[in-house]
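Geometric and topological summary
If you want the building blocks of each chain, they are given just below.
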Amino acid sequence: MTKRVAIIGIGTTGFRATTPDLSYRELTYEAATKAYLDAGIEPKDVDAFVSTAEDFFEGYSIADEYSPDQLGAVLKPIYTIPGDFIHSLASAYMMILSGIGDIMVVQGMSKASNMLTLSELVTFAMDPIYNRPLKESPHAVAGMEMARFMYETGTTREQCAKVVVKNKKNALTNPLAGHGVLIDPDYVLNSEIVSFPLTQMDISPHSDGAVVVVLAEEKTAKSLSDKPIWIRGIGWCSDTPGLETRNWAEAVYAQIAAEMAYKMAGIRYPRKEINFAEVNDEFSYKELQHLEAMRICKKGEAGPLTEMGGTEIDGEFPVNPSGGCLGVGNLYELNGGHKVLEVVRQLRGEAGKNQLKDVTTGIAQSWRGIPTTTGTVVILSN
Amino acid sequence: MEIMEKDVAKTATKLKTQQILEGKVLSVKWEPNLKYAWDNGPALGRYLAELKNGRIIAKKCNKCHRIMIPPRMFCELCWRPTDEWVFVKDTGIVNTWVVSYVDWKAGRLDIKGGVRPITPAVIEIDGASKGMGILHLLDEVDPWKIYRGMRVKAVWKPAEERIGAITDIKYFKPIE
Ligand SMILES: [Zn+2]
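Just so you know, the residues in each chain are numbered from 1, in the order the chain's sequence is written. Chains and ligands are labelled by the order in which they are written, letters from A for the one and numbers from 1 for the other. Since the coordinates come from a predicted model, pLDDT governs what is reported: local features require at least 70, and pairs of side-chain atoms require 80 or more to be given and counted, while whole-chain, interface and lining totals use all residues. With hydrogens and water stripped out, all remaining heavy atoms of the structure feed into the side-chain values.

**Regarding the nonpolar core**
Residues and elements named next belong to chain A. Among the nonpolar cores identified, the biggest contains 51 residues, and Tyr262, Phe283, Tyr285, Met294, Ile296 and Ile363 are the most heavily contacted of them. Those elements giving two or more residues to this core turn out to be helix 5 (138–153), helix 6 (157–172), helix 7 (185–189), helix 9 (252–265), helix 11 (284–293), helix 12 (302–307), strand 10 (361–367) and strand 11 (374–381). Among the elements that take part in this core, helix 9 stands out by supplying seven residues, more than any other. Throughout, a contact is declared for two residues whenever any of their heavy atoms are within 4.5 Å. In contact with Tyr262, not counting residues within four places along its chain, are Ile267, Pro270, Ile274, Met294, Arg295, Ile296, Ile363 and Ile379. Nonpolar cores are built from buried Ala, Val, Leu, Ile, Met, Phe, Trp, Tyr and Cys residues. Side-chain atoms within 4.5 Å join them into one set. Only protein chains enter the accessibility calculation, which uses a 1.4 Å probe; a residue is then buried when its area is under 20% of its type maximum, exposed when over 50%, and partly exposed in between. Strands are runs of DSSP state E lasting at least two residues, helices are runs of H or I lasting at least four, and both sets are numbered from the N terminus onward.

This is the structure in structure tokens:
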């Protein structure tokens, strides 16, 4: 019988467009202090730490070397994953399953406001021979994907705009979110064109913040926590990087990652067996595309469901009740961390005004952003 | 971006420089434009502000009693917020050093032509806890006469030239 692993502590700074008063050190220190307090542990109790950092996002080469201090991980086992927060979560989960230790800590941090040449930085992720000489904006990649997704599923720009309206509204009542606002779909449709059909309002603004999560093996979890949130399934997947050959309509990476997690969790009908989702919505259409990839909606169904209010907080299948990336902000490698945090808050009944009724199972899904085809998924139950 | 002869010369290619320059072989040159504006936060921010004032400030942890520079808002060993700010001296002793014949880009210094080797050093600052100090440069000293434990003092830029940076101290030089 496989061991069971639970999230027993969460901590965050909340998410804001800028955090000029704090360095990355103090951001993570705050999140870590809260997470350890929440879990009832001290750093000395932790068997190993996993941090999440991308050198180019931090502006340091070998950024992982700067991780230990603010986590209380000096002279302790620690390594860094240059991927999504949920990759780090998977790594910590595996360490518990493999018997390396009983208590693991996962960290992620965003200082997106410190990246002054974000567009060039993302362009630098494109192939130097095939792609970069064309000098296309990285947002062209998102626009082309949106166009193909809309074409193949019949999704409309209005439906995508409705995602933006919903998520930014949800963010207004989430005290952790930094980009809440009340707007109507026309505001999105008429906002400045970036890469048509993609407009400025279809794109998540960025945010700073930190998240720290404490994981524990069943016995330890039960002794430390009266509301452990169990990891039921976890998955990750990467498609080919080629902009020439990838599937432009479907998020296959999300589909395969989700199926991996469903299999582990014993879930056959995700729409029925899962109550709500926090999915990556870095661009409005991504929320719809990811829902369809993960079989929560049928192909072409996510747009109409959203239009009818089915994914609202009081809808039949709430999606991004936290406000998502559109309402909370794009946190880059921390995106998955925010999703996990919000699913845990919901399952614990700690989501305040955005609390969903009677939820027992939620799914957190993330994507590494353009130009990647890498996705991660984790299924959590209370 | 145009490919220059010097760019090609640095590569391990077996191709003739001329073949690349004449465009007989595809080559791509890309200089990334990556700019960051790191927020210093209260600890490093105050440290730099005090350098501009010509002073070195540390922060104390009242649990392990360490006086730490560079200062930090939390003690990474005790896992608690740090306590008082304390000024330390701008003097100290050499912990370790090197006599460097190369610069930071691995370029050779013209030592035979009379260029002084660069002498980076870690200086344990008077007033800070043992082992805590500043990584800086030594100068106004014969590179071959530096020794472990040598007493040194900061040589500051004039006040009007200081900007709140580690380079507000030009270098450390021997005292006595
Ligand atoms: Zn201490």
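**A word on helix 14 (residues 335–348) of chain A**
All names here are of chain A. Look at helix 14: 20 Å from first C-alpha to last across 14 residues, which is about the 20 Å you get at 1.5 Å a residue. Taking burial as the measure, the 14 residues of helix 14 include 14 buried ones, the bulk of the element. After helix 14 finishes, the residue Gly349 shows a positive phi value of roughly 75°. What a helix should span is 1.5 Å times the count of its residues minus one.

**Details of a nonpolar patch on the surface**
The patches reported here contain residues having more than 30% relative accessible area and no salt bridge. Joining distances are 9 Å for like charges and 5 Å for nonpolar side chains (Val, Leu, Ile, Met, Phe, Trp, Tyr). In this description, accessible areas are obtained by the Shrake-Rupley approach with a 1.4 Å probe, and a residue is regarded as covered only by the protein chains that are shown. Salt bridges are defined by distance alone: a side-chain nitrogen of Lys or Arg within 4 Å of a carboxyl oxygen of Asp or Glu. A surface patch of nonpolar side chains, about 430 Å² in accessible area, is lined by Ile129 and Tyr130 of chain A together with Leu26 and Val28 of chain B. Along the chain, Tyr130 of chain A turns up in the loop between helix 4 (118–123) and helix 5. Looking at Tyr130 of chain A, the relative accessible area reads 58%, which means it is exposed.

**Focus on the domain arrangement of chain A**
Residues and elements named next belong to chain A. Structurally, chain A comprises domain 1 (5–116 + 207–229) and domain 2 (137–205 + 232–381). Each of domain 1 and domain 2 has a C-alpha centre, and these two points are 23 Å apart. Listed by partner, the interface residues are 39 residues for domain 1 and 36 residues for domain 2. Buried area is a sum: the accessible area each of two parts loses on coming together, probed at 1.4 Å, counted once for each and added. Taken together, both faces of the contact between domain 1 and domain 2 bury some 2900 Å²; the carbon and sulfur share is 69%. When the buried surface of domain 1 facing domain 2 is broken down by residue, Phe15, Ile86 and Ile229 rank first, second and third, together holding 24% of it. The interface formed by domain 1 and domain 2 holds three salt bridges in total. Measuring nitrogen to oxygen at the nearest pair gives 2.4 Å for the salt bridge that ties Glu350 to Lys227. Pairing of N or O atoms within 3.5 Å defines a polar contact, subject to two protein rules: one partner must be a possible hydrogen donor and the other a possible acceptor, and residues neighboring in sequence count only if both atoms are side-chain atoms. Joining domain 1 to domain 2, the criterion identifies 16 residue pairs in polar contact (both at pLDDT 80 or more). The leading source of residues in the side of domain 1 that touches domain 2 is helix 3 (residues 85–97), at seven residues. The class makeup of the residues in the side of domain 1 that touches domain 2 is 21 nonpolar, 11 polar and seven charged. For every domain, the bounds stem from an assignment made automatically or drawn from a database. The nonpolar class holds Ala, Val, Leu, Ile, Met, Phe, Trp, Tyr, Cys and Pro. Asp, Glu, Lys and Arg form the charged class, and all remaining residues, Gly among them, are polar.

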